[in-house]
2 protein chains.
Amino acid sequence: MWGVMRSFAHITPWIVNKDMSQASVQSQTRADEAFDCLQTAIVKGELAPGERIGEVELCARFDLTRGPLREALGRLESRGLLVRRPHAGVKVVSVSADELVELYRIRELMEGLAARQAAERMTDEEIADLQATLDSHEAMINQAHGQAYYQEEGDYDFHHRIATGSRNAKLAQMLLGDLYYMVRMYRYRLSTSVGRPHKALNEHRRIVEAIAQRDGELAEFLMKRHISAARRNVEKNIADGLMSF
Amino acid sequence: MWGVMRSFAHITPWIVNKDMSQASVQSQTRADEAFDCLQTAIVKGELAPGERIGEVELCARFDLTRGPLREALGRLESRGLLVRRPHAGVKVVSVSADELVELYRIRELMEGLAARQAAERMTDEEIADLQATLDSHEAMINQAHGQAYYQEEGDYDFHHRIATGSRNAKLAQMLLGDLYYMVRMYRYRLSTSVGRPHKALNEHRRIVEAIAQRDGELAEFLMKRHISAARRNVEKNIADGLMSF
DNA sequence: ACACCCCACATTGTCAACAATCCACGACAA
DNA sequence: TTGTCGTGGATTGTTGACAATGTGGGGTGT
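Note that this is a predicted model, so its numbers are computed, not measured.

A word on the overall build of chain A
So, point 1. For chain A, the helix and strand inventory stands at 10 helices and three strands.
So, point 2. Of all 245 residues assigned to chain A, the portion counted as buried reaches 53%.
So, point 3. Put simply, of all contacts in chain A between residues at least 6 apart along the chain, 78% involve residues at least 24 apart.

In structure tokens:
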């Protein structure tokens with residue numbers, strides 16, 4: 001009892017569970033539901049960054065009352081996805097290009113640590129699962145249709161497993177609860193142009209190899225280089241004006 | 001307008017402002033007030049970790065109603081200081097010894113990055129301020145009375161300035177909003193025994209020297225070593241059974 | 001004596017009305 | 001025309017009552 005599983009229940013909506021046929025897993029409380037709805041709406045860009053939104057409008061949109069909604073707004077503000085000013089409303093946070101790059105710098109360090117600890121602590125079964133997952137990712141990429149979307153999903157699935165595999169609760173919480181949503185929010189904008197799927201998959205494979213060999217240092221190095229490459233890719237996209245800020 | 005200052009207003013209660021004569025700065029809203037009260041209560045150990053506490057009890061204690069209180073609880077849960085289970089109540093998070101050490105591992109990386117970026121981005125004025133602050137810290141330490149308490153305050157002041165000086169919003173948010181409160185919560189238990197004040201002050205001085213010389217790499221290295229030493233100190237205290245878990 | 005089940009109670013989640021605050025619009029003066 | 005001030009309206013913050021759910025204690029059967 002009193003486990004921390006619930007803390008992670010609402011930060012893993014992108015994992016393909018056995019039964020996701022229902023419109024999202026029935027959150028145990030309405031505030032959780034509101035939290036999930038708002039978070040996904042923000043991440044998917046349905047709520048544009050910088051846009052001011054009223055509480056009643058959100059209530060009508062997601063069919064809830066203001067009580068649970070306010071609780072969800074509080075959580076999202078605390079998590080940095082919203083900016084709130086007393087008596088003035090709430091607006092979606094708008095991250096500048098520089099701040100987005102800084103996000104990748106933080107990820108570089110934290111995911112490097114996660115990879116190192118995952119190499120030391122993941123079970124053999126988890127590693128086998130991870131390798132199998134990469135196989136299915138490859139199959140998805142090789143299918144032409146929906147390539148970009150599934151590549152994204154696979155990418156997040158991979159990083160998610162590494163984070164949880166680190167057995168470092170706070171690290172996983174920060175990565176899965178804060179950073180990934182931020183990054184994801186801005187990746188949705190260039191989902192088609194981002195693609196370097198095969199290259200990324202290769203890097204994933206080499207990281208998993210290092211983990212399978214329990215070589216923490218190598219896993220950390222490869223992961224840091226992987227994120228670093230992603231960061232440079234983003235910087236290039238910004239320089240080319242592919243992203244609007 | 002719409003700045004992020006409010007986001008940081010409630011995570012800097014330990015900074016000695018000009019006018020703190022009033023019982024804490026009048027938060028703009030009751031939910032913020034509840035958030036501050038609960039956070040400081042948790043950090044100071046007035047609410048014991050693992051203890052289950054009822055909402056009504058908290059309402060009576062801090063003289064609020066359940067609405068704002070629930071919003072504050074939501075924020076604290078999202079920040080990892082509370083564990084909440086639907087219809088079952090809320091209890092203060094209890095961090096194991098291992099998790100506390102992991103916290104220091106994360107700090108090591110993030111504060112290292114903060115120090116490097118601070119060396120690149122702090123203004124000359126901020127650096128001069130920081131040096132002056134260290135002088136006053138030294139004066140405090142040399143006074144026998146209240147040594148441990150003021151050393152703690154000075155330590156947090158130092159790290160706070162480095163974090164904000166990095167000009168990395170997310171990094172500062174994570175350090176000031178998440179990690180420091182966790183660490184602080186567990187340091188309150190061994191406030192008298194932790195002391196390695198002069199050694200720590202020396203390390204602070206050398207870090208600031210590196211920052212003043214705009215040597216980011218050196219600042220990062222020294223900061224990582226500083227946190228690493230603190231971590232080893234904590235590990236020793238845990239091994240000696242000075243901390244109760 | 002021990003384990004299991006059921007129910008009343010206490011506690012939490014939710015709702016709708018009330019009060020406090022900000023902001024945009026318009027009037028007025030320079 | 002432009003800048004400032006004041007007010008109406010809309011929006012947010014807060015409150016107390018109502019509904020839903022988990023928990024602990026008493027009872028019963030083995």
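Brief notes about the confidence of the model for chain A
Residues and elements named next belong to chain A.
So, point 1. Overall, the prediction assigns chain A a mean pLDDT of 84, with 81% of residues at 70 or greater.
So, point 2. By mean pLDDT, the top-scoring element of chain A is helix H5 (residues 97-121) (96), and the lowest-scoring one is helix H1 (residues 5-9) (49).
So, point 3. Predicted as a complex, the structure gets a pTM of 0.87 and an ipTM equal to 0.85.

As for the protein's contact with DNA strand D
So, point 1. Neighbouring DNA strand D are 20 residues, the closest being Arg66 and Arg70 of chain A together with Arg30, Thr65 and Arg85 of chain B.
So, point 2. When atoms of DNA strand D within 4 Å of the protein are split into backbone and base, the sugar-phosphate part holds 82%.
So, point 3. Here a sugar or linking oxygen of DNA strand D and a side-chain polar atom of Arg52 of chain A are 3.4 Å apart.
So, point 4. His87 of chain A is positioned such that a nitrogen or oxygen atom in its backbone is 3.3 Å from a sugar or linking oxygen of DNA strand D.
So, point 5. Those elements giving two or more residues to the surface near DNA strand D turn out to be strand E1 (52-53) and helix H4 (66-78) of chain A together with helix H2 (30-43) and helix H4 (66-78) of chain B.
So, point 6. Considered class by class, the residues forming the surface near DNA strand D number six nonpolar, seven polar and seven charged.

Things to note about the packing of aromatic side chains
Residues and elements named next belong to chain A.
So, point 1. Going through the model one piece at a time under the given rule, you end up with two aromatic pairs over all chains.
So, point 2. With 6.2 Å between their ring centres and 70° between their planes, Tyr156 and Tyr180 make a pair best called edge-to-face. Within this pair, whereas Tyr156 is found in helix H7 (residues 147-165), its partner Tyr180 is found in helix H8 (residues 169-187), the two being separated by 24 residues in sequence. With respect to class, Tyr156 is no different from Tyr180; both count as buried.
So, point 3. Its end group placed over the ring of Tyr156, Arg184 keeps NZ or CZ at 4.8 Å from the ring centre.

Examining the interface of chain B and chain A
For interface size, the figure often reported is the accessible area lost on association.
So, point 1. Taken together, the contacts link 42 residues of chain B with 41 residues of chain A.
So, point 2. Both faces considered, chain B and chain A share a buried interface measuring about 3,900 Å² in area, 58% of it formed by carbon and sulfur atoms.
So, point 3. Where chain B meets chain A, there are six salt bridges.
So, point 4. The shortest N-O distance in the salt bridge between Arg84 of chain A and Glu71 of chain B comes to 2.9 Å.
So, point 5. One can count 14 residue pairs in polar contact (both at pLDDT 80 or more) joining chain B with chain A.
So, point 6. Where the side of chain B that touches chain A is concerned, the elements lending two or more residues are H4, strand E2 (82-85), strand E3 (89-92), helix H5 (97-121) and helix H8 (169-187) of chain B.

A closer look at the protein's contact with DNA strand C
So, point 1. Within the structure, DNA strand C sits among 18 residues, and Thr29, Arg30 and Thr65 of chain A together with Arg66 and Arg70 of chain B are positioned closest to it.
So, point 2. The sugar-phosphate portion of DNA strand C accounts for 81% of its atoms within 4 Å of the protein, the bases making up the rest.
So, point 3. In this structure, Arg85 of chain A approaches DNA strand C through a side-chain N or O atom, which is 3.0 Å from a phosphate oxygen.
So, point 4. Glu55 of chain B is positioned such that a nitrogen or oxygen atom in its backbone is 3.1 Å from a phosphate oxygen of DNA strand C.
So, point 5. Of all the secondary structure elements, the ones that give two or more residues to the surface near DNA strand C are helix H2 (30-43) of chain A together with strand E1 (52-53) and H4 of chain B.
So, point 6. The residue inventory of the surface near DNA strand C, partitioned by class, reads five nonpolar, six polar and seven charged.

Points about the side chain of Glu111 of chain B
Residue and element names in this part refer to chain B.
So, point 1. Relative to the helices and strands, Glu111 is located in helix H5.
So, point 2. Assessed through its relative accessible area of 1%, Glu111 is described here as buried.
So, point 3. Within the local environment of Glu111, its side chain forms a polar contact with the side chain of Tyr180, the two groups lying 2.9 Å apart.
So, point 4. With residues up to four places along the chain from it excluded, the contact list for Glu111 reads His159, Leu175, Tyr180, Met223 and Ile227.

Points about the packing of helix H6 (residues 124-142) of chain B against helix H9 (residues 197-212) of chain B
Residues and elements named next belong to chain B.
So, point 1. Interhelical geometry of H6 versus H9 gives an angle of 170° and a closest axis separation of 10 Å. Between H6 and H9, the interaxial angle falls into the category roughly antiparallel. In this structure, H6 uses Ile127, Leu130, Gln131, Leu134, Asp135, His137, Glu138, Ile141 and Asn142 to contact H9, whose residues at the interface are Pro197, His198, Leu201, His204, Arg205, Val208, Ile211 and Ala212.
So, point 2. Tallied by class, residues from the contact of H6 with H9 come to nine nonpolar, five polar and three charged.

Some details on H4 of chain B
So, point 1. In a regular helix each residue adds 1.5 Å, so 13 residues correspond to 18 Å; H4 of chain B covers 18 Å between its end C-alpha atoms and thus fits that length.
So, point 2. Once H4 of chain B finishes, Gly80 of chain B follows within two positions and takes phi at roughly 90°, a positive value.

A closer look at the relation of the copies chain B and chain A
So, point 1. Laying chain B over chain A is done by rotating through 180° and shifting 0.0 Å along the axis; what remains is an RMSD of 0.1 Å. Here the copies are linked by what is in effect a two-fold axis.
So, point 2. When the interface residues of chain B are mapped onto chain A, 98% of them are again interface residues, pointing to one common binding face.

Observations regarding unusual backbone geometry
So, point 1. Unlike most non-glycine residues, Asp63 of chain A shows phi in positive territory, near 60°.
So, point 2. Within the secondary structure, Asp63 of chain A sits in the loop between helix H3 (55-62) and H4.

What counts, and at which threshold
Residues numbered from 1 in each chain as written. Chains lettered and ligands numbered in written order. Predicted model: local features only at pLDDT ≥ 70, side-chain atom pairs only at ≥ 80, totals over all residues. Heavy atoms only, no water. Helix = DSSP H or I, 4+ residues; strand = E, 2+ residues; numbered from the N terminus. Buried < 20%, exposed > 50% of the residue type's maximum accessible area, 1.4 Å probe, protein only. Contact = heavy atoms within 4.5 Å. pLDDT = per-residue confidence, 0-100. Near = heavy atom within 4 Å. Polar contact = N/O pair within 3.5 Å; in protein donor to acceptor, adjacent residues only side chain to side chain. Nonpolar A, V, L, I, M, F, W, Y, C, P; charged D, E, K, R; others polar. Phe/Tyr/Trp six-rings, centres within 6.5 Å; stacked < 30°, edge-to-face > 60°. Lys NZ or Arg CZ within 6 Å of the ring centre and 35° of its normal. Buried area = accessible area lost by both parts, 1.4 Å probe. Salt bridge = Lys/Arg side-chain N within 4 Å of Asp/Glu carboxyl O. Axes fitted to C-alpha atoms, helices over the stretch in contact; angles between N-to-C directions. Parallel < 35°, antiparallel > 145°, perpendicular 65-115°, else oblique. Expected span 1.5 Å × (residues − 1). Least-squares fit on C-alpha atoms with pLDDT ≥ 70 in both.

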